[in-house]
Amino acid sequence: GALIKGPFNAAGDDAAHEIWSNICAFKGGFCVRACDVFTVFDNDGNIKYWFKQDAFSTVSEKGRGDSVRIGSNINCNYVYFAGKDSAGDMVVSRFDALATTSGDNLQGTLEIFANETEYAPNTFDRADIGVDGSGNFCVVYDDSYASSTSQTVARIFNNKMEPLTPTFFAFNYHDGYTRDVN
């Protein structure tokens, strides 16, 4: 319970940025997304490196992050980032936070579409992501394609970022129909 480090600016570029629930712990440290700046710290709160999100992701949201989320697990090397790209598709990007030693040389980067391609773009919003210790993850987001109202849908992926499920409604009781979403 001892204080390890006092208050500090969590953005590696030392500029003022806004943040909305975009911090995650990974194996060996933690990562903060403040606007479009990703800053990676060791467990003692020392900056290891920082970079702009364009270095590994096509997510278009560059603001405080109300509709995007980063995620990881204390037993996982990867930091995942979920949000919409400029075409309106829901994407998930990742980088290996432990293997990377410089923001100029990100390791293990990969990006995939979270939604199936038959969905109408620009019907997605408000992403969140949960990651287990093996790097498998579930991305959850709002979708208005299957219903006139926004519904919470999810899709599960393995640690190679391959889908394990189709998109499904996250709740038993929803307003959507099941023709396109199982």
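Residues numbered from 1 in each chain as written. Predicted model: local features only at pLDDT ≥ 70, side-chain atom pairs only at ≥ 80, totals over all residues. Heavy atoms only, no water.

K.L.:
Looking at this model, I keep getting lost on the overall build of the protein chain. Mind explaining?
P.N.:
Counting secondary structure elements, the protein chain contains zero helices and 12 strands. Along the protein chain, helices (α) and strands (β) appear in the sequence β-β-β-β-β-β-β-β-β-β-β-β when read from the amino end. Its C-alpha radius of gyration of 17 Å places the protein chain within 12% of the 16 Å reference for a compact globule of 182 residues. With respect to the three principal axes, the spread of C-alpha positions in the protein chain is 50 × 35 × 30 Å. Contacts in the protein chain between residues far apart in sequence, at least 24 positions, make up 48% of those at least 6 positions apart. When the accessible surface of the protein chain is totalled, it reaches about 8,900 Å², and 49% of it is carbon and sulfur. (Helix = DSSP H or I, 4+ residues; strand = E, 2+ residues; numbered from the N terminus. Rg over C-alpha atoms; globule rule 2.2 N^0.38 Å. Contact = heavy atoms within 4.5 Å. Areas by Shrake-Rupley, 256 points an atom, 1.4 Å probe, with all protein chains shown as cover.)

K.L.:
Would you take a moment to explain the environment of Asp36 for this structure?
P.N.:
Among the secondary structure elements, Asp36 is positioned in the loop between strand E2 (29–34) and strand E3 (37–42). On the basis of relative accessible area, Asp36 is assigned to the buried category, the value being 15%. In this structure the C-alpha to C-alpha distance between Asp36 and Lys62, which are 26 residues apart in sequence, comes to 4.9 Å. Excluding residues within four positions of it along the chain, Asp36 makes contact with Phe51, Lys52, Gln53 and Lys62. (Buried < 20%, exposed > 50% of the residue type's maximum accessible area, 1.4 Å probe, protein only.)

K.L.:
Looking at this structure, how should I read the pairing of strand E4 (residues 47–52)?
P.N.:
In this sheet, E4 lies alongside E3 in antiparallel orientation, the contact comprising five bridges. Considered in E4, the bridge of Phe38 is made with Phe51. (Pairing = 2+ DSSP bridges.)

K.L.:
Before we go on, may I ask you to explain the environment of Tyr145 in this structure?
P.N.:
Structurally, the position occupied by Tyr145 is in the loop between strand E10 (137–143) and strand E11 (151–157). By relative accessible area, which is 28% here, Tyr145 ends up partly exposed. Separated by 87 residues in sequence, Tyr145 and Thr58 have C-alpha atoms that sit 22 Å apart.

K.L.:
I tried to follow the nonpolar core on my own but got confused; where do I start?
P.N.:
Looking at soluble globular proteins, one finds that nonpolar side chains tend to be buried together. Among the nonpolar cores identified, the biggest contains 18 residues, and Tyr80, Val92, Ala114, Ile129, Phe137, Val139 and Tyr141 are the most heavily contacted of them. Of all the elements in the fold, those that place two or more residues in this core are strand E6 (78–84), strand E7 (90–96), strand E9 (124–131), E10 and E11. Not counting residues up to four positions away in its chain, the partners in contact with Ile129 are Arg69, Ile70, Gly71, Tyr80, Ala82, Val92, Phe137, Cys138 and Val139. (Core = buried A, V, L, I, M, F, W, Y, C linked by side-chain atoms within 4.5 Å.)

K.L.:
Whenever I open this one, the packing of aromatic side chains confuses me. Can you help?
P.N.:
The geometry of an aromatic ring pair comes down to the distance between the two centres and the angle between the two planes. Going through the model one piece at a time under the given rule, you end up with 15 aromatic pairs. An angle of 85° between the planes, with centres 5.7 Å apart, marks the rings of Phe51 and Phe56 as edge-to-face. A relative accessible area of 3% means that Phe51 is categorised as buried. Both rings, one in Phe124 and one in Tyr141, keep their centres 5.3 Å apart while their planes meet at 85°; by these two values the pair is edge-to-face. Highlighted residues: Phe124 in strand E9 and Tyr141 in strand E10, separated in sequence by 17 residues. For Phe124, a relative accessible area of 2% puts it in the buried group. An aromatic cluster is present here, built from Phe38, Tyr49, Phe51, Phe56, Phe81 and Phe95 joined pairwise through their rings. (Phe/Tyr/Trp six-rings, centres within 6.5 Å; stacked < 30°, edge-to-face > 60°.)

K.L.:
Sorry, what's going on with the sheet that holds E9 here?
P.N.:
Taken in spatial order, the four strands make up an open sheet running E9-E10-E11-E12, and their pairing is antiparallel. The sheet is open, and its two borders are formed by E9 and strand E12 (168–169), each paired with just one other strand. Summarising the sheet, E10 and E11 pair through seven bridges and their orientation is antiparallel. Along E11, the bridge assignment pairs Asp142 with Thr152.

K.L.:
Hey, could you run me through the pattern of salt bridges in this one?
P.N.:
For side chains of opposite charge, pairing can occur when their charged atoms come near one another. The tally for this structure, following the rule as stated, stands at four salt bridges. The partner of Lys52 in a salt bridge is Asp36, and the shortest N-O contact between them spans 3.6 Å. Here Lys52, found in strand E4, pairs with Asp36, found in the loop between E2 and E3; they are 16 residues apart in sequence, far enough to count as distant. The shortest N-O distance in the salt bridge between Asp54 and Lys62 comes to 3.0 Å. (Salt bridge = Lys/Arg side-chain N within 4 Å of Asp/Glu carboxyl O.)

Read these as layout, nothing more, since geometry by itself doesn't imply function.
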